[in-house]
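# Observations on the model geometry
The chain contents come next:
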Amino acid sequence: MRQRISILMVVCLFFLAKGMAQRDSLAYHLTPFVKGGITAGLFEGEVGNNNSVGRTGFHIDIGLQVPFQRGSQYQCCLIPSLRFITKGDTWDMGESGRASLNMQYIEMPVDFAYRAVMKKSCLLVGVGVYLAYGIGGRMTGSDGLYIYHGYRLKNQPAAFGSEIGIPRWDWGFNWMTDYQIRHFSLSADIDFGLVRVAPGRLDGNNQSKTVAISLGIGYIF
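Residues numbered from 1 in each chain as written. Predicted model: local features only at pLDDT ≥ 70, side-chain atom pairs only at ≥ 80, totals over all residues. Heavy atoms only, no water.

One pass over the structure, following the stated rule, counts 7 aromatic pairs. Residues Phe58 and Phe84 carry aromatic rings whose centres are separated by 5.5 Å and whose planes lie at 40° to one another, so their mutual orientation is tilted. With Phe58 in strand 2 (residues 55–67) and Phe84 in strand 3 (residues 76–92), this pair connects stretches of sequence that are 26 residues apart. Using a relative accessible area of 21% as the deciding quantity, one classes Phe84 as partly exposed. Through successive ring pairs, a cluster of aromatic residues spans Phe184, Tyr219 and Phe221. In this arrangement the basic side chain of Lys87 is found over the ring face of Tyr105, its NZ or CZ atom lying 5.4 Å from the centre. (Phe/Tyr/Trp six-rings, centres within 6.5 Å; stacked < 30°, edge-to-face > 60°. Helix = DSSP H or I, 4+ residues; strand = E, 2+ residues; numbered from the N terminus. Buried < 20%, exposed > 50% of the residue type's maximum accessible area, 1.4 Å probe, protein only. Lys NZ or Arg CZ within 6 Å of the ring centre and 35° of its normal.)

Shown next, in the form of structure tokens:
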């Protein structure tokens with residue numbers, strides 16, 4: 001049910017952004033886009049310490065560039081978007097094997113960006129905030145690995161369930177760059193979460209927060 005709602009939100013935002021761009025493009029050049037790519041997730045803090053090896057996932061974005069000036073040569077813009085992203089981490093336990101935590105989020109970044117216009121391309125660099133809601137994910141591990149109160153990782157406990165207890169809501173800061181040429185773009189984003197991940201569950205004095213580094217390619221309408 002949550003996945004259907006998420007897909008419906010993405011479709012609605014896409015058509016809304018496209019309609020706004022067609023209506024107002026002569027004045028403000030509103031620019032919808034879609035992009036996707038790989039994401040490297042990890043934890044910053046005591047859980048993500050020496051045995052952390054990170055976790056590779058993916059992201060899919062749909063968004064809109066809203067300029068602060070009229071015309072096509074604008075320099076500053078606001079970039080709201082809707083994103084599906086996977087985060088988490090993997091820990092190498094040596095001879096005991098590995099444990100991996102996969103978390104799936106619907107995320108809403110809003111970035112303020114500066115746009116450097118060149119002859120046939122432009123470069124956007126920006127910072128902003130994001131709000132995220134966890135919709136799924138599990139923790140997995142090798143046979144014989146246990147966590148908090150004896151939960152077996154072999155049974156794949158839910159990341160946002162009572163076993164692991166990851167908070168569903170997350171928010172933090174976002175840093176983005178986007179190189180655009182014609183209708184295509186190459187992007188790099190970093191999420192820095194500010195919500196503690198599972199206090200007291202994965203570590204007795206856990207101060208860990210999510211970090212996600214994303215690389216993507218996109219299409220600009």
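So, about the nonpolar core. Ranked by internal contacts, the top residues of the largest apolar core, which has 17 residues, are Leu101, Met103, Tyr105, Met139 and Ile166. Counting only elements with at least two residues in this core, the list comes to strand 3, strand 4 (98–117) and strand 5 (121–136). Residue contributions to this core peak at 4 residues, all from strand 4. Formed by 8 residues, the second largest nonpolar core is a distinct cluster that contains Cys77, Cys122, Leu124 and Met176. (Core = buried A, V, L, I, M, F, W, Y, C linked by side-chain atoms within 4.5 Å.)

Attention now moves to unusual backbone geometry. Residue Arg182 is not a glycine yet carries a positive backbone phi of 55°. Counting through the fold element by element, Arg182 comes out in the loop between strand 9 (169–181) and strand 10 (184–193). Residue Arg182 is classed as exposed on the basis of its relative accessible area of 66%.

Moving on: the pairing of strand 3. For strand 3, the tally of buried residues reaches 13 of 17 residues, placing the bulk of the element in the interior. Direction of pairing for strand 2 relative to strand 3: antiparallel, over a ladder of 7 bridges. By the bridge assignment, Asp61 is partnered in strand 3 with Arg83. Bridge analysis of strand 3 against strand 4 gives 15 bridges, and the strand direction is antiparallel. Its bridge partner being in strand 4, Thr86 is matched across the sheet by Gln104. (Pairing = 2+ DSSP bridges.)

For Gly37, the location among the structural elements is in strand 1 (residues 31–44). Separated by 24 residues in the primary sequence, Gly37 and Asp61 have C-alpha atoms spaced 9.1 Å apart. Residues contacting Gly37, with those up to four places away along its chain left out, are Gly57, Phe58, His59, Leu215 and Gly216. (Contact = heavy atoms within 4.5 Å.)

Applying the stated criterion to the full structure yields 7 salt bridges. Asp189 is the partner of Lys35 in a salt bridge, and the nearest nitrogen-oxygen pair spans 3.4 Å. Of this pair, Lys35 sits in strand 1 while Asp189 sits in strand 10, placing them 154 residues apart in sequence. With respect to burial, Lys35 and Asp189 carry one shared label: buried. A salt bridge links Glu107 to Lys87, with the nearest nitrogen and oxygen atoms 3.0 Å apart. Linking Glu107 in strand 4 with Lys87 in strand 3, this pair joins segments that are 20 residues apart in sequence. Each member of the pair Glu107 and Lys87 is classed as buried. A single salt-bridge network, built from bridges that share partners, covers Lys35, Asp61, Arg83, Lys87, Glu107, Asp189 and Asp191. (Salt bridge = Lys/Arg side-chain N within 4 Å of Asp/Glu carboxyl O.)

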